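Structural overview
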Amino acid sequence: MFSAGQLALISIFSHIMFIYLTWKVVTAIRIETIFKKGRTAEARVFLLFITIVIGTGVSRFFLDILQWSGDLMYLFSFINMY
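Predicted, not measured: the structure shown is a model, and the values here were computed from it.

This paragraph deals with the overall build of the protein chain. A tally of helices and strands in the protein chain yields 2 helices and 0 strands. Taken over C-alpha atoms, the radius of gyration comes to 19 Å for the protein chain, far larger than the 12 Å a tight globule of 82 residues would show. Reported as C-alpha extents along the three principal axes, the dimensions of the protein chain are approximately 70 × 25 × 15 Å. Classification of the 82 residues of the protein chain by burial places 16% in the buried group. In the protein chain, once contacts between residues fewer than 6 apart in sequence are set aside, the share between residues at least 24 apart is 72%. Surface accessibility of the protein chain: about 6,600 Å² in total, with carbon and sulfur atoms responsible for 74%.

This is the structure in structure tokens:
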């Protein structure tokens, strides 16, 4: 369905977009209250790691759905062979 270069470009864009959206959502939550006072750097790094994990997970799900929907044509072409 897509060439390797197109899939790579879509994957990079998807990961960056979902990481950015996740960062916007995560920063809206007041998670700094969980950390001790004066530990804002550690809280920000924690938020960054959580954002990367959630964003790439959502992006991977999106890319899998895209790939699977493209692979459905092989199911129907296999059925038509018989």
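You can see isoleucine 10 is positioned in helix H1 (residues 4-28). Counting along the chain gives 45 residues from isoleucine 10 to glycine 55, while the straight-line C-alpha distance between them is 15 Å.

On the surface, Phe46, Ile50, Val53, Ile54 and Val58 cluster together into a nonpolar patch covering about 390 Å² of accessible area. Looking at where isoleucine 50 falls in the secondary structure, it is placed in helix H2 (residues 40-81). On the basis of relative accessibility, which here comes to 31%, the residue isoleucine 50 falls in the partly exposed class.

A separate point is the side chain of serine 14. When you line up the elements, serine 14 lands in helix H1. Apart from the residues lying within four places of it in its own chain, the contact partners of serine 14 are Ser59, Phe62 and Leu63.

Enumeration over the complete set of coordinates arrives at 2 salt bridges. One salt bridge connects aspartate 64 with arginine 60, and the closest N-O pair in it is separated by 3.6 Å. Here aspartate 64 and its partner arginine 60 are both found in helix H2, 4 residues apart, which amounts to about one turn of the helix. Residue arginine 60 is classed as partly exposed on the basis of its relative accessible area of 42%.

Moving on, we get to the packing of aromatic side chains. Counted under the stated rule, the structure contains 1 aromatic pair. Ring geometry for phenylalanine 18 against phenylalanine 62: centres 5.8 Å apart, planes inclined by 55 degrees, an arrangement best described as tilted. Separated by 44 residues along the polypeptide, phenylalanine 18 in helix H1 and phenylalanine 62 in helix H2 bring together distant segments of the chain.

Criteria and thresholds
Residues numbered from 1 in each chain as written. Predicted model: local features only at pLDDT ≥ 70, side-chain atom pairs only at ≥ 80, totals over all residues. Heavy atoms only, no water. Helix = DSSP H or I, 4+ residues; strand = E, 2+ residues; numbered from the N terminus. Rg over C-alpha atoms; globule rule 2.2 N^0.38 Å. Buried < 20%, exposed > 50% of the residue type's maximum accessible area, 1.4 Å probe, protein only. Contact = heavy atoms within 4.5 Å. Areas by Shrake-Rupley, 256 points an atom, 1.4 Å probe, with all protein chains shown as cover. Patch = residues over 30% accessible without salt bridge, like charges linked within 9 Å, V, L, I, M, F, W, Y side chains within 5 Å. Salt bridge = Lys/Arg side-chain N within 4 Å of Asp/Glu carboxyl O. Phe/Tyr/Trp six-rings, centres within 6.5 Å; stacked < 30°, edge-to-face > 60°.

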